[in-house]
Amino acid sequence: MHRGSPAPTNHLAANPDPRPAADALLSQVITKIGERGSTRSEVRGSIGVVGELTADGVVRYRGAQTDLALDGQTRPAGGKPPQRLRLSIVDGTGYLQTPLARPAPDKPWLRITPGAGDFGSKLLTPALDQVQEAVDPRATFSGVERATRIHSSAPDQVDGKPTTRYQLRIITAQAADTATDPQQRTRYRKAADAGEPEVEYQLWLDEAGLPARFAASGQVAQAGQVSLTSTYRDWGTPVEVQAPPADEVGVFEEGPAQAQPPR
C-alpha cells in the first residue's frame, strides 16, 4: 500500500473474498430459464414437521412471474401413513391441498396469500416461500446474483447425462444490502444478524446451461428444516398451472390458541 493511501474501511475491503463471483453465471441461467419458459420436475426431500416429500411437478415462467404445481405425498414422522399433498402457486398466491390442513368439509384447498391477515397465510407463507425457492433457482437467485459466490465446481452426471455441479454461497450480509425484494432483504438481514454468514445451494447445469438439478435447505419458522432436491427435464415443453376452482378454496381465519403464527 502506498504511503498516504486510505486504510480499508470494512472487513470486506480488508479481506476480499477469493472465490469467483457468480453473477455472470446466474444471469445466464436466469435468462435461459426465461427463454425456455417451462419445465417438469421431480422433487424429493423434507418439509420439516410436515415430513418427507415425494412429488412431481411443473414450473411455468411468465416474465417476472413464476407459477408451479406439485402433486405427491408426504410421509409424516412416527410411522404415520403417507398423506396426499398438492401445491400450486399462481400469481404469487399459494393453494395447498392436504388432509392435514382442510379449511372446511367442502373446501379441500387452503389459500395462502403473502401479507394477508388470516391465520393460515401468516403461518404458512414462510414455508411456501422456502418451498418455491427450493424448487426454483430463478426465485432463489434473482436479485442476489451479486451477493453469490462460486464456492466450487466439478464435472458430474444427472440421470446419466453430463453436467457441472456448482456449490454456491449467498453472502447474507451482502444480500441484505443488495437484494431487490424487501422480503429478501429482511430475511437475509435476520440470517446475518443470527450468525449465519452464508446460505448454501447446489446447482447442476447441463451442457445447454440449463438447470438439471437443484438442492436447497433452510430453517423455516413454524415448519423446521426444509431440505429439497429438484431434478428437471423437458425444458420448454408447454405445461398447465391453474388455480383450483374458487368454490373449493378456503382459509383459516383463526387458529387454535396454542398455535400462533409468527409475528
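Quick caveat, the model's predicted, so the values are computed rather than measured.

How each quantity is defined
Residues numbered from 1 in each chain as written. Predicted model: local features only at pLDDT ≥ 70, side-chain atom pairs only at ≥ 80, totals over all residues. Heavy atoms only, no water. Phe/Tyr/Trp six-rings, centres within 6.5 Å; stacked < 30°, edge-to-face > 60°. Helix = DSSP H or I, 4+ residues; strand = E, 2+ residues; numbered from the N terminus. Buried < 20%, exposed > 50% of the residue type's maximum accessible area, 1.4 Å probe, protein only. Lys NZ or Arg CZ within 6 Å of the ring centre and 35° of its normal. Core = buried A, V, L, I, M, F, W, Y, C linked by side-chain atoms within 4.5 Å. Contact = heavy atoms within 4.5 Å. Pairing = 2+ DSSP bridges. Lys, Arg positive; Asp, Glu negative; His and termini not counted. Salt bridge = Lys/Arg side-chain N within 4 Å of Asp/Glu carboxyl O. Polar contact = N/O pair within 3.5 Å; in protein donor to acceptor, adjacent residues only side chain to side chain. pLDDT = per-residue confidence, 0-100. Expected span 1.5 Å × (residues − 1). Arc of directions from axis to C-beta.

1. Quick look at the packing of aromatic side chains
The relative placement of two aromatic rings is captured by the distance of their centres and the angle of their planes.
Point 1. Throughout the structure, instances matching the rule amount to five aromatic pairs.
Point 2. Here Y61 and W235 contribute two aromatic rings whose centre-to-centre distance is 6.3 Å and whose plane-to-plane angle is 15 degrees, an arrangement assigned as stacked. With a gap of 174 residues between them, Y61 in strand β2 (residues 52–62) and W235 in the loop between β11 (224–233) and β12 (249–250) connect regions that are remote in the sequence. For the pair shown, Y61 and W235 are each scored as buried.
Point 3. Measuring from centroid to centroid gives 5.4 Å for F141 and Y201, while their planes differ by 70 degrees, and the two rings are edge-to-face. Separated by 60 residues along the polypeptide, F141 in helix α4 (residues 137–141) and Y201 in strand β9 (residues 198–205) bring together distant segments of the chain. Note on accessibility: F141 and Y201 belong to one class, buried.
Point 4. Each residue in the set Y61, Y232 and W235 is aromatic and connected to the rest through ring pairs, giving one cluster.
Point 5. In this arrangement the basic side chain of R213 is found over the ring face of W204, its NZ or CZ atom lying 5.9 Å from the centre.

2. Overview of the nonpolar core
Point 1. Counting 47 residues, the largest nonpolar core has F141, L168, I170, Y188, Y201 and L228 as the members making the most contacts within it.
Point 2. Considering each element in turn, this core owes the most residues, five residues, to helix α2 (residues 23–36).
Point 3. Once residues within four sequence positions are removed from consideration, L228 is found in contact with V43, R44, G45, S46, I47, L53, V131, A134, V135, F214, A215 and A216.
Point 4. With eight residues, the next largest nonpolar core counts V90, W109, V239 and V241 among its residues.

3. Observations regarding the pairing of strand β7 (residues 148–158)
Point 1. Note: β7 against strand β8 (residues 161–171), 10 bridges, orientation antiparallel. Its bridge partner being in β8, T148 is matched across the sheet by I170.
Point 2. In sequence, β7 turns back onto β8 through a hairpin of two residues, with D159 there showing a positive phi of about 55 degrees.

4. Digging into the side chain of D118
Point 1. Structurally, the position occupied by D118 is in the loop between β6 (109–112) and α3 (119–135).
Point 2. Although buried, D118 forms no salt bridge, and the nearest oppositely charged side chain, R111, lies 6.0 Å from it.
Point 3. At 2.8 Å, the side chain of D118 and the backbone nitrogen of S121 are in polar contact.

5. With respect to unusual backbone geometry
Point 1. A positive phi angle, close to 55 degrees, is found at D91, a residue other than glycine.
Point 2. Among the residues examined, D91 registers a relative accessible area of 53% and is labelled exposed.
Point 3. The backbone of D159 shows a phi angle near 55 degrees, a positive value even though the residue is not glycine.
Point 4. Here D159 is to be found in the loop between β7 and β8.

6. A word on the environment of A179
Point 1. In this fold, A179 is placed in the loop between α5 (172–178) and α6 (182–193).
Point 2. Note on A179: relative accessible area 4%, which makes it buried.
Point 3. Measuring from C-alpha to C-alpha, the distance between A179 and E145 comes to 8.6 Å, with 34 residues separating the pair along the chain.

7. Side note on the pattern of salt bridges
Point 1. As enumerated under the stated definition, the model contains 14 salt bridges in all.
Point 2. Counted as one network, the salt bridges with shared partners bring together R40, E42, R233 and D234.

8. Some remarks on the confidence of the model for the protein
Regions with low pLDDT should not have their predicted coordinates read in detail.
Point 1. Chain-level pLDDT for the protein is 87 on average; 90% of the residues reach the 70-or-more range.
Point 2. The low-confidence segment residues 256–263 (pLDDT under 50) makes 12 contacts with residues lying over four places distant or belonging to another chain.

9. Quick notes on α6
Point 1. For α6, built from 12 residues, the straight-helix expectation of 16 Å at 1.5 Å per residue is met to within 8% by its first-to-last C-alpha distance of 16 Å.
Point 2. All of the buried residues along α6 are Q184, Y188 and A191. For α6, the angular spread of buried residues about the axis comes to 55 degrees, placing them on one side. Opposite the buried face of α6, at more than 90 degrees from it, the exposed residues are K190 and D193.
Point 3. Directly after α6, the chain includes G195, whose backbone phi takes a positive value near 85 degrees.

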